[in-house]
Amino acid sequence: MFITYQNCRGVKTKLHELKCNMLNNDNDIIALTETWLNDSVFTSEFCANRVVFRKDRDPKLTGKKQGGGVLLAVSKDLDVQECKVFDDEIEALCARVCVGINRYIYVIVVYIVPGSSLDVYVSFYDSVETKLLDCDCIIMGDFNLPDLVHGGTNEKVCRFNNFLSFTNFSQVSDTRNANGVMLDLVVISVRDCSVVMD
């Protein structure tokens, strides 16, 4: 199974480019964060060849009208099912993908808003720990933990490290932004998995 992950910083003004990328990308799953989509954009405008799960930002829950949002676009050749794992206020999606006889991988995409409280992080980690602890998981997303790369010891970084330790998951991304900060992470429990940064 091949997965593409990208933090988009908005696709509403790039729908034609997104549609072309969806058509030309041979990977089994495309995971996007910060789509900035809302109910004014129909999935059929940019993707007809995949099963698409979206969680657009809910302005009633967040108090924010723009930004955020996550999306999973899965090949129609895969047996996939969306799973309700996270509370509504968390911008995250989970899909269970069949990868063999009685073998499933849970693919999760998450966007945690900058400045989120520790409670948001704890809620996300607790959901994974209680519902998916013994499952094969691939978690991709923008965790907005800028202190992680600098060995920070604030509560959010400590809780993330505790999450990894408790679940025996590994953080395998080392991609940094222009400021040398690693916000987008790839966390896996699948041992026969490799990550290629492109």
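K.L.:
Looking at this model, I keep getting lost on the side chain of T35. Mind explaining?
P.N.:
Along the polypeptide, T35 turns up in the loop between β2 (29-33) and β3 (50-55). Judged by relative accessible area, which is 0%, T35 ranks as buried. Those residues in contact with T35, other than ones at most four positions away along the chain, are G10, V11, K12, D56, G68, G69, V70 and L71.

K.L.:
How should I be thinking about the sheet that holds β3 in this particular structure?
P.N.:
One key point about sheets: their strands pair by backbone hydrogen bonds, in either a parallel or an antiparallel sense. Pairing is mixed in the open sheet, where four strands are placed in the order β1-β2-β4-β3. Either end of the sheet is taken by a strand with one partner, and the two such strands are β1 (3-7) and β3. Neighbouring strand axes in the sheet, compared pairwise and without regard to direction, differ in orientation by 10 degrees on average. In this structure, β3 lies alongside strand β4 (residues 70-75), joined through six bridges in antiparallel fashion. For R50, the partnering residue across the bridge sits in β4 and is S75. Across the sheet, helix α1 (residues 15-24) touches β2, β3 and β4, and the angle it forms with β2 is around 150 degrees.

K.L.:
Mind showing me how you'd approach the packing of aromatic side chains here?
P.N.:
Two numbers describe a pair of aromatic rings. These are the distance of the centres and the angle of the planes. Scanning all chains against the criterion turns up eight aromatic pairs. Residues F124 and F143 carry aromatic rings whose centres are separated by 5.9 Å and whose planes lie at 85 degrees to one another, so their mutual orientation is edge-to-face. Placement of F124 in helix α3 (residues 118-131) and of F143 in the loop between β8 (136-142) and α4 (155-167) is noted, with a sequence separation of 19 residues between them. Using a relative accessible area of 0% as the deciding quantity, one classes F124 as buried. Where F143 meets F160, the ring centres are 5.8 Å apart and the plane angle is 65 degrees; that geometry is what we call edge-to-face. Of this pair, F143 sits in the loop between β8 and α4 while F160 sits in helix α4, placing them 17 residues apart in sequence. Here F160 falls in the buried class, since its relative accessible area comes to 1%. Here the aromatic cluster, defined as three or more aromatic residues joined through ring pairs, consists of F86, Y121, F124, Y125, F143, F160, F163 and F169. Here R96 stacks its cationic end above the ring of Y104, 4.0 Å away from the centre of that ring.

K.L.:
It is not clear to me how the sheet that holds strand β9 (residues 170-171) should be interpreted in this structure. Could you clarify?
P.N.:
Spatially, the six strands line up as an open sheet ordered β5-β6-β7-β8-β10-β9, and their pairing is mixed. Here the strands that pair on one side only, and so sit at the sheet edges, are β5 (80-83) and β9. Note that strand β7 (residues 103-111) and β8 share seven bridges and pair parallel. Across the sheet, residue Y111 finds its bridge partner in β8, namely D142. Across the sheet, α3 lies against β6 (91-100), β7 and β8, angled at about 175 degrees from β7, the strand it touches most. Strands β8, β9 and β10 (184-188) of the sheet are contacted by α4, whose axis makes an angle of about 20 degrees with β10.

Rules and cut-offs
- Residues numbered from 1 in each chain as written.
- Predicted model: local features only at pLDDT ≥ 70, side-chain atom pairs only at ≥ 80, totals over all residues.
- Heavy atoms only, no water.
- Helix = DSSP H or I, 4+ residues; strand = E, 2+ residues; numbered from the N terminus.
- Buried < 20%, exposed > 50% of the residue type's maximum accessible area, 1.4 Å probe, protein only.
- Contact = heavy atoms within 4.5 Å.
- Pairing = 2+ DSSP bridges.
- Axes fitted to C-alpha atoms, helices over the stretch in contact; angles between N-to-C directions.
- Phe/Tyr/Trp six-rings, centres within 6.5 Å; stacked < 30°, edge-to-face > 60°.
- Lys NZ or Arg CZ within 6 Å of the ring centre and 35° of its normal.

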